[in-house]
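Take a look at the letters that make up each chain.
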Amino acid sequence: MRADPVGAVGRSEHFYFEERAATRANFSARGVSGRMIKTVEWTEEGVRMIDQRRLPNEEKYLMLRSCDEVAEAIRTMVVRGAPAIGVAAAMGLAVGMKQAVATNVADLSYDFDFMCGMMSATRPTAVNLFWAIERMRERFRRACSETDDVEEIKRALVSEAKQIFEDDIAANRALGRFGGELIPDGATILTHCNAGALATAGDYGTALGVVRGARDAGKRVAVIADETRPFLQGARLTAWELAKDEIPVTVITDNMAGHVMKQGKVDAVVVGADRIAANGDAANKIGTYMVAVLAREHSIPFYVAAPVSTVDLNVSTGEQIPIEERDAREVTHLRDQPLTPAGVPAHNPAFDVTPNGLIAAIITDKGVARQPYTASLKKLVES
Ligand code: MRU
């Protein structure tokens, strides 16, 4: 066992890589094809998004025509994943503004504040949501200082939302390039939840952006996806998008992670983040902390991949990050099927915080941050 979890990777026997070639062919034969996944899209009609609750069984797209509908889609997990939530919120505000009936700046400003408040109340942990709302607020303030033509202000907000979308795609491409360099040829990467195209504007993703970055640099990579109880983002979403992209993927239940690590089948862990504190503590999907502890025990490097918009310098440590508590029904039921005895309570924190000491590096769109994170993250955020 390696003593240094920050050391070089590449020790597995590529068990998964070899084994998955056959499954890749099977998946293609079932008719899943096409590479670019469009998670959230701006259209003149409204905000179009894939309904992630229905994946992998059904690939259904929804057209959301009001700010309320987009807010509801975020709250109910039609769209999820920190950067995707931010992009969707910006587009929701833009669509809301486009429809506003206000004829003067004061009334438009009142409507805009109301919509920002509604959007902010959807989910508490992912800072990208608040970052995107603040960016839209800033654009609104600037537009109002330049003109009192409400139609021009509305156009400025639509264009800002489209820019947030473009910036997210570009950020994840950059992050993928930086992260791809850390992954050796032939590596098997374990990931938790879904931090892929479906968790961002589309295309690359963050943790899966690192996988795609390595693949696009010509390396052979395979992924082990934790199923990620209770919402099953790993089993349903990560497996779906990697198979669609023809990247070898094997699903395991969350409680198998220690076993596969002990067997030497994992070369690196790469996960996304919903909010990273100034000291590098990282909030991500519940269960991530457990994976980080296991990775440390087995001397496997544990990487967090996120754009700098996920870094919250206003929060000094992970203890200050609000953790969303979701409906206990997600734990007690599988769709409509009860799993636990009626009346027995369940606890459902949606995220946990991995202390910075367990993180080998934080891969961002501006570069790779290493310990001490307080200095390295600040430098990247301000660059
Ligand atoms: O509850 P979710 O599905 O929104 O949680 C998503 C995650 O925890 C992701 O890992 C995180 O948002 C990073 S996405 C690039």
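Parameters and conventions
Residues numbered from 1 in each chain as written. Predicted model: local features only at pLDDT ≥ 70, side-chain atom pairs only at ≥ 80, totals over all residues. Heavy atoms only, no water. Buried < 20%, exposed > 50% of the residue type's maximum accessible area, 1.4 Å probe, protein only. Helix = DSSP H or I, 4+ residues; strand = E, 2+ residues; numbered from the N terminus. Pairing = 2+ DSSP bridges. Right-handed = clockwise from strand over helix to strand, strands pointing away. Core = buried A, V, L, I, M, F, W, Y, C linked by side-chain atoms within 4.5 Å. Contact = heavy atoms within 4.5 Å. Domains from an automatic or database assignment. Buried area = accessible area lost by both parts, 1.4 Å probe. Salt bridge = Lys/Arg side-chain N within 4 Å of Asp/Glu carboxyl O. Polar contact = N/O pair within 3.5 Å; in protein donor to acceptor, adjacent residues only side chain to side chain. Near = heavy atom within 4 Å. Areas by Shrake-Rupley, 256 points an atom, 1.4 Å probe, with all protein chains shown as cover. Nonpolar A, V, L, I, M, F, W, Y, C, P; charged D, E, K, R; others polar. pLDDT = per-residue confidence, 0-100. Phe/Tyr/Trp six-rings, centres within 6.5 Å; stacked < 30°, edge-to-face > 60°. Lys NZ or Arg CZ within 6 Å of the ring centre and 35° of its normal. Axes fitted to C-alpha atoms, helices over the stretch in contact; angles between N-to-C directions. Parallel < 35°, antiparallel > 145°, perpendicular 65-115°, else oblique. Left-handed = near helix turned anticlockwise from the far one by under 90°. Expected span 1.5 Å × (residues − 1).

Now for the pairing of strand β5 (residues 221-226). Judged by how many residues are buried, β5 sits mostly within the fold: 6 of 6 residues are covered. Burial of the side chains of β5 extends over both faces: Val221, Val223 and Ala225 are buried on one face and Ala222, Ile224 and Asp226 on the other. As defined by bridge partners, strand β4 (residues 187-191) adjoins β5 across 5 bridges and the pair is classed as parallel. By the bridge assignment, Leu190 is partnered in β5 with Ile224. Each parallel crossover has a hand, and for β4 linked through helix α7 (residues 207-216) to β5 it is right-handed. Taken together, β5, helix α8 (residues 233-244) and strand β6 (residues 249-252) constitute a β-α-β crossover, and its handedness is right-handed.

The next point concerns the nonpolar core. In a soluble, globular protein the nonpolar side chains are often hidden away together inside. Core analysis: the largest hydrophobic core is formed by 47 residues, its most contacted members being Met49 and Met136. Only β1 (40-42), β2 (47-50), α2 (67-75), α3 (82-99), α4 (105-120), α5 (127-146) and α6 (150-180) provide two or more residues apiece to this core. The element that contributes the greatest number of residues to this core is α3, accounting for 12 residues. Once you skip the residues sitting within four places of it in the chain, Met49 turns out to touch Thr39, Val40, Lys60, Tyr61, Leu62, Leu64, Val70, Ala73, Val78, Val79 and Ala88. By size, the runner-up hydrophobic cluster in this structure holds 28 residues, among which are Val269, Val304, Ala369 and Leu380.

So, about the domain arrangement of the chain. As far as domains go, the chain holds domain 1 (40-171) and domain 2 (174-382). Distance from the C-alpha centre of domain 1 to the C-alpha centre of domain 2: 25 Å. Summed over both partners, the interface of domain 1 with domain 2 buries about 2600 Å², with 53% contributed by carbon and sulfur atoms. At the boundary of domain 1 with domain 2, the tally comes to 2 salt bridges. Note that Arg123 and Glu324 form a salt bridge whose closest N and O atoms lie 2.8 Å from each other. The interface formed by domain 1 and domain 2 includes 17 residue pairs in polar contact (both at pLDDT 80 or more). At the level of secondary structure, the elements contributing two or more residues to the side of domain 1 that touches domain 2 comprise α3, α5 and α6.

Moving on to the site of the ligand. Close to the ligand lie 17 residues, the nearest being Arg80, Ala82, Arg123, Asn284 and Lys285. One of the side-chain nitrogen or oxygen atoms of Gln233 is found 2.9 Å away from an oxygen atom of the ligand. At 2.9 Å from an oxygen atom of the ligand is found a side-chain nitrogen or oxygen belonging to Asp274. Here the ligand has 410 Å² of accessible area as a free molecule, and 100% of this is covered by the chains. Of all the secondary-structure elements, those providing two or more residues to the shell around the ligand are α3 and β9 (282-285). Residues of the shell around the ligand, tallied by class, amount to 8 nonpolar, 5 polar and 4 charged. Lining the shell around the ligand are residues from two domains, each supplying at least three of them: domain 1 (40-171) and domain 2 (174-382).

Take the confidence of the model for the chain next. When the pLDDT values of the chain are averaged, the result is 92; 91% of them are 70 or greater. Counting interchain partners and residues more than four positions distant, the pLDDT-below-50 stretch residues 1-11 has 32 contacts. Low pLDDT, under 50, characterises residues 17-34; the stretch is placed with 19 contacts to residues that sit more than four places away or in other chains.

The subject of this paragraph is the packing of aromatic side chains. Counted by the stated rule, this structure contains 1 aromatic pair. Ring centres of Phe112 and Phe140 lie 4.5 Å apart, and the angle between their planes is 15°; this geometry places the pair in the stacked category. Here Phe112, found in helix α4, pairs with Phe140, found in helix α5; they are 28 residues apart in sequence, far enough to count as distant. Taking relative accessible area as the criterion, Phe140 reaches 6% and is therefore assigned buried. The positively charged end of Arg48 is found above the aromatic ring belonging to Tyr61, 4.2 Å away from the centroid.

Attention shifts here to the packing of α2 against α3. In contact at an axis separation of 8 Å, α2 and α3 are set at 165° when each is read in the N-to-C sense. Considering their axes alone, α2 and α3 lie roughly antiparallel with respect to each other. In this structure, the crossing between α2 and α3 has a hand that is left-handed. Every residue of α3 that contacts α2 at Cys67, Val70 and Ile74 is listed here: Ile85, Ala88, Ala89, Gly92, Leu93, Val95 and Gly96. A class-by-class count of the residues in the contact of α2 with α3 yields 8 nonpolar, 2 polar and no charged.

The end-to-end C-alpha distance of α6, which contains 31 residues, comes to 45 Å, matching closely the 45 Å that a straight helix rising 1.5 Å per residue would cover. Capping the start of α6, Asp149 holds a side-chain oxygen 2.9 Å from the backbone nitrogen of Glu151, two or three residues further along.

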